[in-house]
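Next come the chains, spelled out residue by residue.
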Amino acid sequence: MRTPLPRMSRRGRMTLIVLACVVVLFILLGWVVDAWTDYLWFSEVKYTQVFTTVLQTRLGLFAIFGFGMALIVWFNLWLAFRLRPMLRMHSSEQQSLERYRGMISPRFGLWSGLLSAIVGLFGGLSAQGRWQQWLLFSNGQSFGVKDPQFGVDLGFYVFAYPFWRYLLGVGFTLVVLCVLGALAMHYLFGGVRLQGAGERMTVAARAHLTALVAFFVLLKAAAYFLDQRGLLLAHNDATNLFGAGYTDINALLPAKEILAWISVVVAIAILVFSNAFIRNLVWPGIAIGLLALSAIAVGGIYPAAVQTFTVKPNIRDKEATYIERSIDATRDAFGLNNIQTIQYPSTANVPPESLMSDTDTVANIRLLDPSIVSNTYTQLQQVRGFYDFTQKLDIDRYTTDGNTQDYVVGVREMDYNNLTPQQSNWQNQHTVFTHGYGFVAAPANQIVCNGQPEFASGFLDNEAAQTNCQSDTDQIPVAQPRIYYGENMNPYAIVGKASNGQDAEYDRPSGSNDQYVTYDGSGGVSVGSYLRRMLYAYKYKETNFLISSVFNKNSKILYVRDPRQRVQKVAPFLTLDGDPYPAVVNGHIVWILDGYTTASTYPYSQEVDLQSATSDTQTGEGTAQQAQTDINYLRNSVKATVDAYTGKVTLYAFGQSDPVLNAWNKAFGGNLIKPSSAIPPELAQHFRYPEDQFKVQRELLTRFHVSDPSQFYSGQDFWQVPQDPAPGTTANQAPYYLLAKFPGQNQTTFQLTSAMTPRGRQNLAALVTGSYVNGQPKLEILQLPPDTQVSGPGQADQKMTNDNSVRPQISLLQNSATVIYGNLLSLPVGSGMLYVEPLYVQSKAENAYPQLKYVLVNFGQYVGFADSLQGALTQLLNSAKSAGANPPAGPPPSASQPPPTSQPNPEVDQATQRIDKAIADLKAAQQSGNFTDYGQALQELNDAITAYQQARDSANVAPSPSPSVKPSTRSSTSPSPKPSVAPSG
């Protein structure tokens, strides 16, 4: 006999109840505090309709689905209990169930209610997470375009189809739970028996259970009807495209309709044969078996036979119509349907003399790489160790003195990780070091002082500007240079002072003194009252909110200060570009962000993994990585701004009318998004083609630049995005912004550019550019002939870095410093292709920063290498002349004509090998610590370099640049103290 468990005392039960209530209270309190502080934040940014709409929708879905599912489950449990037989057969089975009946029967309402509540809780939690689907479903718009198969507006697929799918899933789950619950209840109370003579199921139990099974089959019929629409979203394995193919339309589509009607017949048969005529489960079981066999035969075997015997022998012809549908839909869904393709023969293999005088492209060649010079900005423009710039700077354009120029720009923010231990206490971190200062910019095509940027704005004080390495005046003046909202401003800040208090926020150094200020912007939530301080003390788990003396009636807290997080909170339905960038608009610093509306149910459109398509060498290094999600529709429909001082968030509609954005705007009251007509012209001048959208588009263009179905199926003309040629990288080459005038363009344009290579080869296939012309996005393809032998980025990089005049210099630099390869630019100029690659050197000393040391250029088979762009181009032209290849005076030579090449020189090669051996000996002596060998190796290296230079001179080859670099001359153009905004690219 078992020993009975001791009963808990009344005090013990009360203790458990109190503890449970405390736990629940803390859980609810945390939720209430988060909701309350969120509401205060939304009130600050004037977007409370977002908070209330999302909250009401989630609570409504939780309540409706949770209560509805709980009610349906409870009703079926109650019905099974009411239909229980009053008299039960006596058997060992029933006797073993008697004690369970005795436990449940007196408290049936409690047990059934508890079970139903659990189902409702999980059902409600699942439903509230579908608030975005519901808002789109209830506010759906018309696309004005119909799908090519059923003639249904595309809005059905984007807005309604996902929610109908979810409802069907809820229905199937609910019916299965009801069947299991009712079956268990009927079995427990004798309605269903496994033992004993006579019927195994009572009439009432049979009617109840068969009705549930019949409803399940009816849901399956509805699913078959919906599956017909879903075929337009499925993957076609025969063509590796999305959308219904030949087999889907001619075999699977009619099969789905047949199975749907069979399901309806089977559902009726289950009800009729189980309860009206035969009154057993034999014929219903046969009907369900026939449905399963029909699904296998009609929905599986028949389509497979069509695919094998009809489609496979003639895939190209049978699938041509459906390939064309996928091409058209993908181009439309991703904004690829208005691409301008320009044929570029690129027949010139010899650099023309006009390179030196080109003012459209060559004069604007960007030498500063924004992903490299961030440390340079930090070291030269910080003054204090706690200032910092983002890991990757940005590119924008401004007009000064009538000259439009692209600049490498960044804002000087706080680096909280570099605060000293004394500076890192709570008061200093959150109330003293609250903001950054200054918008720092440097012309992208100019270097001074041995490879430094020529800073043109953002000086901390006037004395700092009086140097030879930067502009004498601030060329991009800012009325409010303080940065309270930025990409590095993650900690919250407490601002505001008492009426008679002193300024406590560190502002900037001024000579030998430090200046302090008090924030007077509109941003922040008031924490002047003790109740508010208690609220945020609980939110941040920080007691200083309650005991610190820094608080007063004017105190405010600034939080969610990252621009990307700030916009994402205001517009949770947007996918934001990974690279926000700052701009000066009417004297104010604002962050500009590109917002995308996306969908995954656009018929026939190709599905893309957003994370994979947007990843390149800069992802995660100053550019946020996108989430791993599959999309088949993308629009840059929103331009968002965040004021760097006030934190004000503004959303502007952009481009053509987008039904998805219209649906979201309607869902949030109709005034969430400002119309494009409200965009200030000064702001529009700084819009640039968004990077992540461009990356997705170029990934798709590797295949979908081909519009002919037959050529598309053969795949012979497919492209690929080249890998970054920099050493040690395997990711895709990142696109780059240029101020240039490409062939076929009417004016110099600020554009985002990427090279493309043929699939499986490294030569150049095309250049893809994205820009804004008259405020509208424009994609262009500069396409080379299919048989072109023009080098791609990887091949050009190899030519430049392995050139006999370049390799010894790089090897010498690598011995004492770190060599960093900048962005490799592909430029179509002079009827050929010019490649430009800056070379940075960073000393191995502490706090060293990259400096631009050399510029590499390549045109055809010729290479230039110097400490400036002009010097490299001069050497490029001299190399061509010394090889006997004079630039053509008339039309460029045919692409089939091989370029002249210089003859090999044994003395130069021997001297090069001598340099390599001397460097190897020098490294070995350095590692061994033998100073005698080290001195001998160093002397041998100097002798080898001298021999190399003599060999080159005797071979009548243009001399390579000396390792010592002279500072380039500064621009002679005097900057205008007040810039105007650049014209739209």
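Quick caveat, the model's predicted, so the values are computed rather than measured.

What follows is about the overall build of the protein chain. Along its length, the protein chain carries 26 helices and 35 strands. Going through the 985 residues of the protein chain one by one, you find that 52% of them count as buried. Considering only intrachain contacts with a sequence separation of at least 6, the fraction spanning at least 24 residues in the protein chain is 70%.

Now for the packing of aromatic side chains. This model, assessed by the stated rule, comprises 53 aromatic pairs. When the ring of phenylalanine 81 is compared with that of phenylalanine 108, the centres are 4.2 Å apart and the planes differ by 10°; the resulting orientation is stacked. With a gap of 27 residues between them, phenylalanine 81 in helix α2 (residues 48-82) and phenylalanine 108 in helix α4 (residues 108-128) connect regions that are remote in the sequence. Taking the relative accessible area as the measure of exposure, phenylalanine 108 reaches 7% and is therefore buried. Note on phenylalanine 573 and phenylalanine 668: the rings are 5.7 Å apart at their centroids and 25° apart in plane angle, and the pair reads as stacked. A residue pair is termed long-range when its members are at least 10 positions apart, and phenylalanine 573 in the loop between α16 (563-570) and β18 (575-576) and phenylalanine 668 in the loop between α18 (659-667) and α19 (681-684) qualify at 95 residues. Taking the relative accessible area as the measure of exposure, phenylalanine 573 reaches 8% and is therefore buried.

The strand order across the open sheet built from three strands is β13-β17-β16, with neighbouring strands paired in antiparallel fashion. What marks the edges here is a single partner per strand, and that holds for β13 (493-495) and β16 (525-526). Pairing of β16 with strand β17 (residues 556-558) involves two bridges; the strand directions are antiparallel. Looking at β17, one finds that valine 525 is bridged to isoleucine 557.

Nonpolar side chains collect at one region of the surface, where Met103, Trp111, Leu114, Ile118, Leu121, Phe122 and Leu125 lie side by side and expose about 690 Å² of accessible area between them. With six residues, the single largest contributor to the nonpolar patch is α4. Inspection of the secondary structure assignment puts leucine 121 in helix α4.

Despite not being glycine, valine 560 shows a phi value in the positive range, around 50°. With respect to the helices and strands, valine 560 occurs in the loop between β17 and α16. Of note in the backbone geometry, asparagine 774 takes a positive phi value of approximately 55° without being a glycine.

Another point: helix α11 (residues 320-333). Look at α11: 20 Å from first C-alpha to last across 14 residues, which is about the 20 Å you get at 1.5 Å a residue. At its buried positions, α11 is contacted by β2 (241-242), α8 (246-275), α10 (315-318), β23 (633-643), α20 (691-704) and α21 (709-714). A positive backbone phi angle near 70° is found at glycine 335, which sits one or two residues after α11.

If you look at soluble globular proteins, the nonpolar side chains tend to sit buried side by side. Grouped together as the largest cluster of nonpolar side chains are 221 residues, with contacts concentrated most on Leu651, Phe668 and Leu834. With 12 residues, the single largest contributor to this core is helix α6 (residues 154-188). Discounting chain neighbours no more than four positions away, the residues touching phenylalanine 668 are Gln49, Val50, Thr53, Val54, Trp131, Leu135 and Phe573. One finds Phe386, Met414, Val432 and Tyr506 within the second-largest nonpolar core, a separate group that totals 11 residues.

So, on to the environment of arginine 229. Checked against the element boundaries, arginine 229 lands in helix α7 (residues 203-230). For arginine 229 and phenylalanine 156, which are 73 residues apart along the polypeptide, the C-alpha to C-alpha distance reads 9.7 Å. Not counting the four nearest positions on each side in its chain, arginine 229 is found in contact with Phe150, Val152, Phe156, Tyr157 and Tyr161.

Residues spaced three or four apart along an α-helix point in a common direction, a consequence of the helix completing one turn every 3.6 residues. Burial of α18 is extensive: seven of the nine residues sit out of reach of the surface. Residues of α18 that are buried: Pro659, Val660, Leu661, Ala663, Trp664, Asn665 and Ala667. Taken together, the buried residues of α18 touch α2, α5 (131-138), α6, β20 (588-599), β23 and β24 (649-653).

It is worth spelling out the pairing of strand β27 (residues 749-758) at this point. In terms of burial, β27 is largely enclosed, as 10 of its 10 residues are buried. Bridge count between strand β26 (residues 736-740) and β27: five bridges; the pairing is antiparallel. Along β27, the bridge assignment pairs alanine 740 with threonine 749. As paired elements, β27 and strand β28 (residues 766-773) share six bridges and run antiparallel to each other. Bridge assignment links methionine 756 to a residue of β28, and that residue is alanine 766.

Turning our eyes to something else, we now look at the pattern of salt bridges. Applying the stated rule across the entire model yields 18 salt bridges. Put simply, aspartate 227 and arginine 165 hold a salt bridge, and the shortest N to O gap is 2.0 Å. Linking aspartate 227 in helix α7 with arginine 165 in helix α6, this pair joins segments that are 62 residues apart in sequence. On the basis of relative accessibility, which here comes to 28%, the residue arginine 165 falls in the partly exposed class. Lysine 695 is the partner of aspartate 616 in a salt bridge, and the nearest nitrogen-oxygen pair spans 2.9 Å. With aspartate 616 in the loop between α17 (610-614) and β22 (630-631) and lysine 695 in helix α20, this residue pair connects regions lying 79 residues apart in the sequence. Judged on exposure class, the residue aspartate 616 and its partner lysine 695 are both buried.

Moving on, we come to the pairing of strand β9 (residues 439-443). Of all five residues making up β9, five are buried, and the element is well covered by its neighbours. Neither face of β9 is exposed, since Phe439, Ala441 and Pro443 on one face and Val440 and Ala442 on the opposite face are all buried. Direction of pairing for strand β6 (residues 403-411) relative to β9: antiparallel, over a ladder of five bridges. Each bridged residue has a counterpart across the sheet, and for tyrosine 407 the counterpart in β9 is proline 443.

Moving on, we come to the side chain of aspartate 369. Within the fold, aspartate 369 resides in the loop between β3 (340-343) and α12 (374-381). In this structure, aspartate 369 is buried with no salt-bridge partner, the nearest side chain bearing the opposite charge being arginine 366 at 4.7 Å. With residues near it in sequence (within four places) discarded, aspartate 369 still touches Gly822, Asn823 and Tyr840.

When you line up the elements, aspartate 394 lands in strand β5 (residues 394-400). According to the relative accessible area criterion, aspartate 394 is buried, its value standing at 2%. Taking C-alpha positions, aspartate 394 is 6.4 Å from glycine 410, a pair spaced 16 residues apart along the chain. Ignoring any residue separated from it by four or fewer positions in sequence, one finds aspartate 394 in contact with Pro370, Tyr407, Val408, Val409, Asp579, Pro580, Tyr581, Pro582 and Arg688.

Before going further, it helps to examine the packing of α5 against α18. At a closest axis distance of 9 Å, the pairing of α5 and α18 adopts a crossing angle of 100°. For the element pair α5 / α18, the angle class is roughly perpendicular. Mapping the contact onto sequence places Trp131, Gln132, Leu135 and Leu136 in α5 and Ala663, Trp664 and Ala667 in α18.

Here we come to the environment of serine 138. If you trace the backbone, serine 138 turns up in helix α5. A relative accessible area of 34% means that serine 138 is categorised as partly exposed. Serine 138 sits 22 residues away from alanine 160 along the chain, and the two C-alpha atoms are 8.3 Å apart. A distance of 3.1 Å separates polar atoms of two side chains, one belonging to serine 138 and the other to asparagine 139.

Moving on, we come to the confidence of the model for the protein chain. Low pLDDT means the predicted coordinates in that region are not meant to be read closely. Per-residue pLDDT for the protein chain has a mean of 86; in total, 87% of the residues score no lower than 70. Low pLDDT, under 50, characterises residues 956-985; the predicted model gives this stretch 84 contacts beyond four residues in sequence or across chains.

Calculation rules
Residues numbered from 1 in each chain as written. Predicted model: local features only at pLDDT ≥ 70, side-chain atom pairs only at ≥ 80, totals over all residues. Heavy atoms only, no water. Helix = DSSP H or I, 4+ residues; strand = E, 2+ residues; numbered from the N terminus. Buried < 20%, exposed > 50% of the residue type's maximum accessible area, 1.4 Å probe, protein only. Contact = heavy atoms within 4.5 Å. Phe/Tyr/Trp six-rings, centres within 6.5 Å; stacked < 30°, edge-to-face > 60°. Pairing = 2+ DSSP bridges. Patch = residues over 30% accessible without salt bridge, like charges linked within 9 Å, V, L, I, M, F, W, Y side chains within 5 Å. Areas by Shrake-Rupley, 256 points an atom, 1.4 Å probe, with all protein chains shown as cover. Salt bridge = Lys/Arg side-chain N within 4 Å of Asp/Glu carboxyl O. Expected span 1.5 Å × (residues − 1). Core = buried A, V, L, I, M, F, W, Y, C linked by side-chain atoms within 4.5 Å. Lys, Arg positive; Asp, Glu negative; His and termini not counted. Axes fitted to C-alpha atoms, helices over the stretch in contact; angles between N-to-C directions. Parallel < 35°, antiparallel > 145°, perpendicular 65-115°, else oblique. Polar contact = N/O pair within 3.5 Å; in protein donor to acceptor, adjacent residues only side chain to side chain. pLDDT = per-residue confidence, 0-100.

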